[in-house]
Amino acid sequence: MRAADIDIDISGQGSSPGLAAASEALLLARDFPQMRERLLTGGVANVTEERAAWHSALRAPAPTEEIAAERQRLNAFVRMADSERRWRNIVHIGIGGSDWGVRLAVSAFGYAGTWRQVHFVANIDGHAIEGGLAGFDPHDTLIVLASKSFTTAETLQNGQRAIEWLQGSGVSDPYQQVVAITARPDVAREWGVPDTHIFKFWDWVGGRFSLWSAVSLTTALAVSADVVAGMQAGAAAMDAHFAEAPFAENAPVQMALSGIVNRSVLDYGSLNIAPYDFRLANLVPYIQQLEMESLGKSVNLAGEPVGVPTGPAVWGMPGTDAQHTFFQWLHQGSDGAPVDFIVCQHADHGWPEHHKSLLANCLAQREALLTGKSFEEVLQDSLNEGVPEERARWLAHHKVHAGGRPSNLIVLPRLSPYTLGALLALYEHKVFVQAVIWGINPFDQWGVEYGKMLAKGIAGELSGKAADPKHDASTTHWVKRFKESLR
Ligand code: F6P
């Protein structure tokens, strides 16, 4: 299958004419065409929060006037900064969707260095902001605050520290070195960020899709506005493929269906992402958030239990590092996991031998998982090597590879902004199709919100508020103990 210049080989997944017919019937029974239409045209796709999930509008080749105007403002800001050679350093402060996509793009296209140095600060752990500011000249540093809600504790606390750092460094007008990207420009304004430094996005952009909004300012400053435009074009091409291709040739649909079989029928609890590309290390956490925040639900739209296992745990690491870390578990562990192998046909460095080895490793691992090696084969290997039969038979039990472990092979012609954008949209739409089939809302994250609320309460208690009597005994103990040490 080919979509937006990407080849997607799903021959490593179970298939049969019966399964294809049943899958199509299931999609129609779930009103998939109507749901897709609602998603792509800005209808209320996020029903629990009563809003659209219209991130595709941000990358449309012919965007609305409002979106086009904000894109132009952002590009003008980047042109101004570049022409004046301003801000050699950027501290990008944001978390989750306001962080991973930008980190991914900057490491994918700036892996060999960028003329602006970028530090990403997401974690609320003070060591993160300490490291993020360290070594930077405050007079030549831009602080980018990326937060859709402008209420996220991590981003606000880290942002406060960064502004204090500018103020304490004798910078003449610290807020001229602060930019805010948010759906709440009013709050950013209250913080003191000047209007010309506030880039807006809209409430209908889900947090984990912020990459497509002005949050990409840091990408543009670090690796160019062309990268941002290229990623948008690739994602838009994948949107068009998703909207138009028949089910049997629709890459997100087909990937979604095999994912459902792997999870809900074959009971695989996780999905491994194996990018055979050093530049794509941050793809793993990006897809992790996309899949797990979206599909980590077990109640359907009617509020009833889904009844089958839903979204898998997503994990991974670039190959070949992964081969020396956890691939043994994939090959011979008792559980195993489906693997998405992602690789570029052409490399952008000048050492063809390296790329040959990378490609060979990628294909070899996939083949081993797929076809395995039988008892008879490994036994024969040992006998051929002259191992005595009794030992060879014993050894063979250890060397058997069951095979039959499902995988996808996703081949990009090369890593370009276009293909990376298309790849991200491929996963976005795959996740959407799975949500439609499982009948869940992929656009909310009540579990995350609950965790945030509890953390806020406990932070208050650590600052002196009365302890919540509803805490369990262990939490009560540790709140008391930490409070004493924080005095
Ligand atoms: O983790 C929950 C979440 O709401 C994500 O969906 C989002 O990407 C992240 O927090 C950051 O949110 P914000 O951009 O509003 O600071």
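Rules used throughout
Residues numbered from 1 in each chain as written. Predicted model: local features only at pLDDT ≥ 70, side-chain atom pairs only at ≥ 80, totals over all residues. Helix = DSSP H or I, 4+ residues; strand = E, 2+ residues; numbered from the N terminus. Rg over C-alpha atoms; globule rule 2.2 N^0.38 Å. Buried ≥ 20, exposed ≤ 12 C-beta atoms within 10 Å, placed from the backbone. Contact = placed C-beta atoms within 7 Å. Near = placed C-beta within 6 Å. Nonpolar A, V, L, I, M, F, W, Y, C, P; charged D, E, K, R; others polar. UniProt positions renumbered as here; feature names shortened; annotations may be inferred. Pairing = 2+ DSSP bridges. Axes fitted to C-alpha atoms, helices over the stretch in contact; angles between N-to-C directions. Parallel < 35°, antiparallel > 145°, perpendicular 65-115°, else oblique. Left-handed = near helix turned anticlockwise from the far one by under 90°. Domains from an automatic or database assignment. Right-handed = clockwise from strand over helix to strand, strands pointing away. Core = buried A, V, L, I, M, F, W, Y, C linked by C-beta atoms within 7 Å. Expected span 1.5 Å × (residues − 1). Arc of directions from axis to C-beta.

All right, on to the overall build of the protein chain then. From N to C terminus, the protein chain includes 19 helices and 11 strands. On C-alpha atoms alone, the protein chain measures out to a radius of gyration of 25 Å, which is about the 23 Å that the 2.2 N^0.38 rule sets for 487 residues. Within the span of the protein chain, comprising 487 residues, buried residues form 42% of the whole. Considering only contacts within the protein chain whose residues lie at least 6 apart along the sequence, 76% involve residues at least 24 apart.

Okay, the site of the ligand next. Of all residues adjacent to the ligand, which total 15 residues, the nearest are Gly96, Gly97, Ser149, Thr152 and Gly207. Considered class by class, the residues forming the shell around the ligand number two nonpolar, 10 polar and three charged.

A few words on the UniProt feature "active site" (unreviewed entry) in the protein chain. Under the UniProt annotation, the feature "active site" (unreviewed entry) is placed at Glu293, His324 and Lys452. A maximum C-alpha distance of 36.2 Å shows the annotated residues, which cover 160 residues in sequence, to be distributed over more than one spot. Checked against the element boundaries, glutamate 293 lands in helix α12 (residues 283–295). Within the fold, lysine 452 resides in helix α18 (residues 446–462).

This part is about the sheet that holds strand β6 (residues 178–182). Where strands meet in a sheet, backbone hydrogen bonds hold them as pairs that are either parallel or antiparallel. In space, the five strands of this open sheet follow the order β4-β3-β5-β6-β7, with parallel pairing throughout. Edge positions in the open sheet fall to β4 (117–121) and β7 (198–200), since each of these has one partner strand only. Strand-to-strand twist in this sheet, taken as the mean axis angle between neighbours without regard to direction, amounts to 15°. Pairing between strand β3 (residues 89–93) and strand β5 (residues 141–146): five bridges, direction parallel. Bridge pairing links isoleucine 90 to leucine 142 in β5.

At a minimum axis distance of 6 Å, the contact between helix α10 (residues 225–244) and helix α17 (residues 417–438) shows a crossing angle of 45°. Taken as axis vectors, α10 and α17 run oblique relative to one another. Judged by the twist between their axes, the crossing of α10 over α17 is right-handed. Residues Val227, Gly230, Met231, Gln232, Ala233, Gly234, Ala235, Ala237, Met238, Asp239 and Phe242 of α10 form the contact with α17, whose own contacting residues are Pro417, Tyr418, Thr419, Leu420, Gly421, Ala422, Leu424, Ala425, Leu426 and His429. Looking at the contact of α10 with α17, its residues break down into 14 nonpolar, six polar and one charged.

Domains assigned within the protein chain are domain 1 (2–52 + 231–355 + 410–438), domain 2 (63–223) and domain 3 (446–485). Taking only C-alpha atoms into account, the centre of domain 1 sits 37 Å from that of domain 3.

Looking now at unusual backbone geometry. Of note, the bond from glycine 319 into threonine 320 is cis; its omega dihedral lies within 30 degrees of zero at 15°. Along the chain, the position of threonine 320 falls in the loop between β9 (313–316) and α13 (327–332). Within the chain, arginine 85 stands out as a residue other than glycine whose phi angle is a positive 50°. Assignment of secondary structure puts arginine 85 in the loop between α4 (65–83) and β3. On the basis of neighbour counts, which here come to 10 C-beta atoms within 10 Å, the residue arginine 85 falls in the exposed class.

As a further point, take the pairing of β3. Most of β3 is tucked away, with four of its five residues classed as buried. Of the pairings in the sheet, the one linking β3 to β4 comprises five bridges and is parallel in character. For asparagine 89, the partnering residue across the bridge sits in β4 and is glutamine 117. Handedness of the β-α-β unit built from β3, helix α5 (residues 100–109) and β4 comes out right-handed.

Grouped together as the largest cluster of nonpolar side chains are 120 residues, with contacts concentrated most on Ile143, Val144, Ile181, Leu217 and Ala422. The element contributing the most residues to this core is α17, with 15 residues. In terms of domain composition, this core takes at least three residues from each of domain 1 (2–52 + 231–355 + 410–438) and domain 2 (63–223). Beyond its immediate stretch of four places on either side in the chain, isoleucine 181 contacts Val144, Ala146, Phe199, Phe201, Ser213, Ala214, Val215 and Leu217.

Glancing now at helix α7 (residues 153–167). Under the 1.5 Å per step criterion, the end-to-end length of α7 is 21 Å for 15 residues, consistent within 8% with the ideal 21 Å. Every buried residue of α7 is listed here: Glu154, Thr155, Asn158, Gly159, Ala162, Ile163, Trp165 and Leu166. Buried residues of α7, viewed axially, fall in a sector of 150°; they line one side. Exposed and facing more than 90 degrees away from the buried side of α7 are Glu164 and Gln167. Residues of α7 that are buried make contact with β3, β4, α6 (126–133), β5 and β6.

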